[in-house]
Amino acid sequence: MVLPHPLPLVPAPVSATAGEGRMPVTAAIRVAGDSPAVPQLIDAVERRTGIRLAQAEAPAEITLRIDPAVAASEGYTLSVGETAEIVGADEAGLFYGVQTLLQLLREDEDGSWSLRQADVSDAPRFPRRGVMLDVARHFFGVDDVKRFIDAASALKLNHLHLHLSDDQGWRIEIASWPLLTERAGATAAGGDPGGFYTKDDYREIVAYAASRHMIVIPEIDLPGHTHAIGVAYPELVEAPVLNDELIAESARLGQPLPVAGEPYLGWGVGHSSVRIHEARAYDFVRDVVRELAKLTPGPYLHVGGDESLGTPQADFDLFAERVTAIVVEAGKTPVAWHEMGSAPGIAEGTVGQYWGRTTPEGTHAEEAARFVERGGALILSPSNTAYLDMKYAEDFPLGLAWAGVIDVRTAYEWEPTAVLDVPDAAILGVEAPLWSETTRTLAEVERLAFPRAAAQAEIAWSPRESPERTWESFRARLGAMAPLWKAEGIDFHPSAEITWSDR
Ligand code: TNX
């Protein structure tokens, strides 16, 4: 059998050498180690092969242990010879070493299983490697989100941004404003059923994500994208402001225009705003932020800020300053879409999320730079390369195309430090957003997200200078992901750009 060369690892590790042989994987193999990664490895091997390895005391054929000296945070070393050992710098590193080991596991032609012999030493390039799931346009329940976490964390992605509110629905229980979920949770884009997370649901997601070393970043989108708030509490929002593009797009898609106080089921943007000069709006924001902060062990709360097209600039800037200050008061670091960088007094340390193009247009670069001036940093989500909801090709049945069509190669070929004129150290990393206007099921989400999320994972994890950081290498290694994704039931898009392996 011709083995794929180089080692079939995605994202590419810092360094790896392949051995000649293979380590057979049978039910006689034992796994030792004092870490949740041990049962995670055993379960994943069973899902893939049907073989259940035994958990045992050392010495065993596969050993997992922690030693902070082996690599930087989240890093690990892995060696597979006659036996295998994974040494994590910390629990996250151990978990990532397990993901790498699983990528070395292959079915041989006679149906037996083995690990490719290899030595790997690895650690991430960027601390922030994220995906976003829009649960507002369409709602995805706890089990769907857990599956998404599994698939994302296996690519060494470590942040999950949940877009919890938008014009079409409100998705998180807030005890002090109960009508949000009662009245604004039931609907979704296109008239599909909505849904929301109770606090216990949300805690379950956060805990599950943590067990896969992902930090959840909750987003409440403000001051725009807030029509649904007005379905619950009309006094908090302005009447819809219609723009020409919204009117034209709605006509083209046959979607009704937003009507104050009624659920909005179209996809048009830029028509809603909370009442920026009403004291009660800030009582609302404070309560929501306080309750969300309590549910959030992670350091970040995202407060939106995109596409407030009907909001006068001065009002928007005032709101941006106030809302980011409220998040700081609640003990969290604010995150905002780059537009909030228009506000001179945005809270110090606010993290900006840049969603302009890889060649910035208009005021986007200036707005992004403001976060850095204010002592914050940036997450890169360029819409023309990192957006998971853009179509792969014009005729792809799912997704949108406003930022372009993004085939796998386009998703792969961009560099986070080359987009904006800011110091490299100001780039925290990468996030790939999936907006859900067109995706009604998790399978549809997966078709848009995979394989392109793997491209973003490699950009965020792998060293820029690695010889494997080329499209040809990535393409070959990505093809080897097919059997893993199939075993996990991930409905990836089998793009014709890639030669997918059977085993
Ligand atoms: C723009 S990107 C939006 C979202 C849409 C998305 C669709 C951004 C911050 N806002 O409201 O869902 O385009 O691709």
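Right above here is the structure, for reference.
What comes next concerns the included structure. (Residues numbered from 1 in each chain as written. Predicted model: local features only at pLDDT ≥ 70, side-chain atom pairs only at ≥ 80, totals over all residues. Heavy atoms only, no water.)

### Considering the side chain of Ser 462
Among the structural elements, Ser 462 can be located in the loop between helix H13 (452-461) and helix H14 (471-479). A polar contact is formed between the side chain of Ser 462 and the backbone oxygen of Ala 12, at a distance of 2.7 Å. Other than its neighbours up to four places away in sequence, Ser 462 contacts Pro 11, Ala 12, Arg 125 and Arg 469. (Helix = DSSP H or I, 4+ residues; strand = E, 2+ residues; numbered from the N terminus. Polar contact = N/O pair within 3.5 Å; in protein donor to acceptor, adjacent residues only side chain to side chain. Contact = heavy atoms within 4.5 Å.)

### Some details on the packing of aromatic side chains
With the rule as written, the count across this model stands at 20 aromatic pairs. Seen in terms of ring centroids, Tyr 412 and Phe 474 are 4.2 Å apart; in terms of plane orientation they differ by 10°. Their pairing is stacked. You can see Tyr 412 sitting in helix H11 (residues 408-412) and its partner Phe 474 sitting in helix H14, a full 62 residues away along the chain. Under the relative-accessibility criterion, Phe 474 is labelled buried at 0%. What links up through ring pairs into an aromatic cluster is the set Phe 148, Phe 450, Trp 485, Phe 492 and Trp 500. One cation-aromatic arrangement involves Arg 128 over Tyr 300; the distance from NZ or CZ to the ring centre is 4.4 Å. Directly above the aromatic system of Trp 461 lies the positively charged group of Lys 156, at a separation of 5.8 Å from the ring centroid. (Phe/Tyr/Trp six-rings, centres within 6.5 Å; stacked < 30°, edge-to-face > 60°. Buried < 20%, exposed > 50% of the residue type's maximum accessible area, 1.4 Å probe, protein only. Lys NZ or Arg CZ within 6 Å of the ring centre and 35° of its normal.)

### Quick look at the environment of Leu 400
Tracing the backbone shows Leu 400 in the loop between strand E17 (378-380) and H11. Sequence separation of Leu 400 and Trp 435 is 35 residues, and the distance between their C-alpha atoms is 9.1 Å. Every residue in contact with Leu 400, bar those within four places of it in the chain, is listed here: Trp 267, Asp 389, Met 390, Lys 391, Glu 437 and Thr 438.

### Let's talk about the layout of surface pockets
Within this model, the largest pocket holds a volume of roughly 940 Å³. Looking at the largest pocket, it is lined by 36 residues, and the ones nearest its centre are Glu 245, Val 269, Glu 307, Trp 355 and Trp 402. Contributing elements (two or more residues each) for the lining of the largest pocket: helix H7 (244-253) and helix H9 (313-329). Looking at the lining of the largest pocket element by element, the count peaks at six residues for H7. Residue classes in the lining of the largest pocket are distributed as 14 nonpolar, eleven polar and eleven charged. As a volume, the second largest pocket reaches approximately 510 Å³. Along the walls of the second largest pocket sit 23 residues, with Arg 47, Gln 99, Asp 150, Ala 154 and Glu 488 positioned nearest its centre. Mapped onto the lining of the second largest pocket, the elements with two or more residues apiece are helix H1 (37-49), helix H2 (91-103), helix H3 (142-153) and helix H15 (482-487). Its residues assigned to classes, the lining of the second largest pocket shows twelve nonpolar, four polar and seven charged. (1 Å grid on protein atoms, 1.4 Å probe; cavity = no way out; pocket = protein on both sides within 12 Å on 5 of 7 lines; lining within 4 Å. Points joined across faces, edges and corners; volume = space filled by probe spheres on them. Nonpolar A, V, L, I, M, F, W, Y, C, P; charged D, E, K, R; others polar.)

### Some words on the site of the ligand
Close to the ligand lie 13 residues, the nearest being Arg 137, Tyr 387, Asp 389, Trp 402 and Glu 437. Contact distances for the ligand include 3.2 Å between an oxygen atom and a side-chain N or O atom of Glu 307. For the ligand, the protein covers 97% of the area, taking 370 Å² as the surface of the free molecule. In this structure, the ligand is accommodated by the largest pocket. (Near = heavy atom within 4 Å. Areas by Shrake-Rupley, 256 points an atom, 1.4 Å probe, with all protein chains shown as cover. Sits in = over half its atoms within 2 Å of the grid points.)

### Concerning a nonpolar patch on the surface
Together, Leu 242, Ile 247 and Leu 257 give the surface a local cluster of nonpolar side chains, amounting to about 220 Å² of exposed area. Structurally, Leu 257 can be placed in the loop between H7 and helix H8 (279-295). (Patch = residues over 30% accessible without salt bridge, like charges linked within 9 Å, V, L, I, M, F, W, Y side chains within 5 Å. Salt bridge = Lys/Arg side-chain N within 4 Å of Asp/Glu carboxyl O.)

### Some details on the pairing of strand E6 (residues 84-88)
For E6, the tally of buried residues reaches four of five residues, placing the bulk of the element in the interior. Both strand E4 (residues 62-66) and E6 contribute to a ladder of five bridges, which runs parallel. Within E6, the residue paired with Ile 66 across the bridge is Gly 88. In this sheet, E6 lies alongside strand E5 (residues 76-80) in antiparallel orientation, the contact comprising five bridges. (Pairing = 2+ DSSP bridges.)

### Brief notes about the pairing of strand E13 (residues 215-222)
Extensive coverage of E13 is indicated by the burial of seven of its eight residues. Direction of pairing for strand E10 (residues 159-163) relative to E13: parallel, over a ladder of five bridges. When the bridges of E13 are listed, Leu 162 appears paired with Pro 218. With two bridges joining them, E13 and strand E14 (residues 300-304) adopt parallel strand pairing. Of the residues in E14, the one forming a bridge with Leu 222 is Gly 304.

### Looking at the nonpolar core
With 118 residues, the main nonpolar core has Leu 155, Trp 170, Ile 172, Tyr 197, Phe 450 and Trp 485 as its most contacted residues. If you tally residues by element for this core, the top one is H8, at nine residues. Beyond its immediate sequence surroundings of up to four residues, Trp 485 is in contact with Leu 155, Phe 450, Pro 451, Ala 454, Leu 478, Ile 490, Phe 492 and Trp 500. Formed by 35 residues, the second largest nonpolar core is a distinct cluster that contains Ile 29, Ala 37, Ile 42 and Ile 86. (Core = buried A, V, L, I, M, F, W, Y, C linked by side-chain atoms within 4.5 Å.)

### Structural notes on unusual backbone geometry
Look at the link from Ala 58 to Pro 59: it is a cis peptide, with omega at 0°. Tracing the sequence through the fold places Pro 59 in the loop between strand E3 (54-56) and E4. The peptide bond linking Leu 222 to Pro 223 adopts the cis configuration, its omega dihedral lying at -10°. Mapped onto the fold, Pro 223 is located in the loop between E13 and helix H6 (227-232).

### Focus on the packing of H1 against H2
Running from N to C, H1 and H2 point in directions that differ by 20°, and their axes come no closer than 10 Å. Judged by the inter-axis angle, H1 sits roughly parallel to H2. For the element pair H1 and H2, the recorded crossing hand is right-handed. Residues Ala 37, Gln 40, Leu 41, Ala 44, Val 45 and Arg 48 of H1 pack against Leu 94, Phe 95, Val 98, Leu 101 and Leu 102 of H2. Partitioning the contact of H1 with H2 into residue classes produces nine nonpolar, one polar and one charged. (Axes fitted to C-alpha atoms, helices over the stretch in contact; angles between N-to-C directions. Parallel < 35°, antiparallel > 145°, perpendicular 65-115°, else oblique. Left-handed = near helix turned anticlockwise from the far one by under 90°.)

### Let's talk about H13
Across the ten residues of H13, ten count as buried, placing the element largely inside the fold. Listing the buried residues of H13 in full gives Arg 452, Ala 453, Ala 454, Ala 455, Gln 456, Ala 457, Glu 458, Ile 459, Ala 460 and Trp 461.

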